Each structure stands twice: as C-alpha cells, then as structure tokens.
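# Notes for the structure review
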Amino acid sequence: SAKKVAAIYYGHILKSKVWDQGLIVAVLVGILTNGKLPLILGGSFELELASSRKLTHRMEVKTVELARVAMVGLFTSAVIISVTFALRNYAQLYAFDQLILFNALHMGFSLLPHPKLDGSKIFFHSTTIYTFVMVGSLTFLLTSLLSMPSFILAFGAGTIGAVMLYFLYEAK
C-alpha cells in the first residue's frame, strides 16, 4: 500500500493493526443502514524504526513522520477517487460507483481525530496542518459528491481554513 511505501521512504517499517472497536462500529453501521453503506473497517498503524536506522543517533519515531504517512493514505484515497471519476466518463460501471463510495467513506472516516485513526496522527503533530487536511479533504469529498472532484479547490479551501485557524487561535 502507499502508506508502506511512504514508511519505507522515511526509514520505517509499517505495522498494520485491526481496530476492534472500529470493526464493531462498521458491523453496526452495516446492520443499521441495511447494507446501504459498505463496511469501512477502521485500521490503525504503527511505525517502527528499520534496523539500519536503529544504529543512528535517532532512536524514536517522530510525530511528523506519523503525520506524513497518514497524509499519504488520505491523498491516495483522493487520487483513487479522481482516477475512478475519470474512468467513469468512459464506462458507467457499478464497480466504479462502489469504488468511489468506498474511498470517500474511508477518507472521511480516517479524518476523525480518534487515537486509532489517521486523523489523530495528523492532529497531534499540528492542529494547523490537521485543519488544512480536514478542510481540504472535506472540500474534495463535497466536490466529488457533486461529480467534479477538484484538487485545486480543495487546496484553496484547506489553505483558507488553516490561515483562519492560525490568525484566530494560534497567533495569540
């Protein structure tokens, strides 16, 4: 997966974990919606230092590295949504609609700042970056629902959100 490649790039080994409570929530949502929403299994990950980096002076995983790997996962979902929208213009397949729905739900679910999800790894690194990613991702998901996914609009909205947060709360 893209997160594993990013972890290797930063000199780490990614360990995926199943989130038990997330599994229960996913099953309950599936039952309550009578199968209208697909099962979105919340997963977590941890980074471990690769053996070659254990010999260097730095022996811990930094929050910035966790945040970067988490953002790679969110960005990958956004790219999959965009590519699927482009392919859907050529062939109206049910599988494309389901792939878009699954990735949109996964992206939205992963943004939550719960300790086991990607959103918390970004949030605990920097609230300004979390605001940028959250507002940008939600804008991207909204434009995707309107059948016109736009990275440019998402980037602009995320930038405006982060600047507003900085000047309203963090600059004091």
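Going by the structure above, here's the rest.
Quick look at the structure, then. Nothing here was measured: the structure is a model prediction, and the numbers come from that model.

As a further point, take the pattern of salt bridges. A full pass over the atoms with the stated rule returns two salt bridges. The shortest N-O distance in the salt bridge between Asp118 and Lys3 comes to 2.7 Å. Note that Asp118 is positioned in helix α5 (residues 118-123) and Lys3 in helix α1 (residues 2-9), a separation of 115 residues in sequence. Relative accessible area serves as the criterion here: at 17%, Lys3 is assigned to the buried category. Note that Arg88 and Asp97 form a salt bridge whose closest N and O atoms lie 2.9 Å from each other. The exposure class assigned to Arg88 is buried, which follows from its relative accessible area of 18%.

In this section: the side chain of Thr84. Following the sequence through the fold, Thr84 ends up in helix α3 (residues 63-88). Excluding residues within four positions of it along the chain, Thr84 makes contact with Phe96, Leu99 and Ile100.

Turning our attention to the environment of Val25. With respect to the helices, strands and loops of the structure, Val25 is situated in helix α2 (residues 20-32). When the C-alpha atoms of Val25 and Ser82 are compared, they prove to be 28 Å apart, with 57 residues separating the residues in sequence.

The next point concerns the packing of α3 against helix α6 (residues 127-145). The contact between α3 and α6 brings their axes to 11 Å, and the two run at 15°. On the basis of their axis angle, the class for α3 and α6 is roughly parallel. Relative to α6, α3 is oriented so that their crossing is left-handed. Between α3 and α6, the residues in contact are Met71, Leu74, Ala78, Ile81, Ser82 and Phe85 and Ile129, Val133, Phe140, Leu141 and Ser144, respectively. Looking at side-chain class alone, the contact of α3 with α6 contains nine nonpolar, two polar and no charged residues.

With that settled, the discussion passes to the packing of aromatic side chains. Scanning the model with the defined rule gives seven aromatic pairs in all. Ring geometry for Phe132 versus Phe155: centroids 5.6 Å apart, planes at 80°, classification edge-to-face. Of this pair, Phe132 sits in helix α6 while Phe155 sits in helix α7 (residues 151-170), and the two are 23 residues apart along the sequence. The exposure class assigned to Phe132 is partly exposed, which follows from its relative accessible area of 27%. Here Phe155 falls in the exposed class, since its relative accessible area comes to 54%.

On to a nonpolar patch on the surface, then. A cluster of nonpolar side chains, Val18, Leu23, Ile24, Val27, Leu28, Ile31 and Leu32, forms an exposed patch at the surface whose accessible area comes to about 710 Å². Looking at the secondary structure, you find Leu28 in helix α2.

A few words now on the packing of helix α4 (residues 94-110) against α6. The contact between α4 and α6 brings their axes to 10 Å, and the two run at 155°. One way to sum up the angle between α4 and α6 is to call them roughly antiparallel. Regarding α4 and α6, the two cross each other, and that crossing is left-handed. Here α4 contributes Ala104, Met107 and Gly108 to the contact with α6, which in turn contributes Ser137, Phe140 and Leu141. Of the residues contributing to the contact of α4 with α6, the split by class is four nonpolar, two polar and no charged.

So, how was this worked out
- Residues numbered from 1 in each chain as written.
- Predicted model: local features only at pLDDT ≥ 70, side-chain atom pairs only at ≥ 80, totals over all residues.
- Heavy atoms only, no water.
- Salt bridge = Lys/Arg side-chain N within 4 Å of Asp/Glu carboxyl O.
- Helix = DSSP H or I, 4+ residues; strand = E, 2+ residues; numbered from the N terminus.
- Buried < 20%, exposed > 50% of the residue type's maximum accessible area, 1.4 Å probe, protein only.
- Contact = heavy atoms within 4.5 Å.
- Axes fitted to C-alpha atoms, helices over the stretch in contact; angles between N-to-C directions.
- Parallel < 35°, antiparallel > 145°, perpendicular 65-115°, else oblique.
- Left-handed = near helix turned anticlockwise from the far one by under 90°.
- Nonpolar A, V, L, I, M, F, W, Y, C, P; charged D, E, K, R; others polar.
- Phe/Tyr/Trp six-rings, centres within 6.5 Å; stacked < 30°, edge-to-face > 60°.
- Patch = residues over 30% accessible without salt bridge, like charges linked within 9 Å, V, L, I, M, F, W, Y side chains within 5 Å.
- Areas by Shrake-Rupley, 256 points an atom, 1.4 Å probe, with all protein chains shown as cover.

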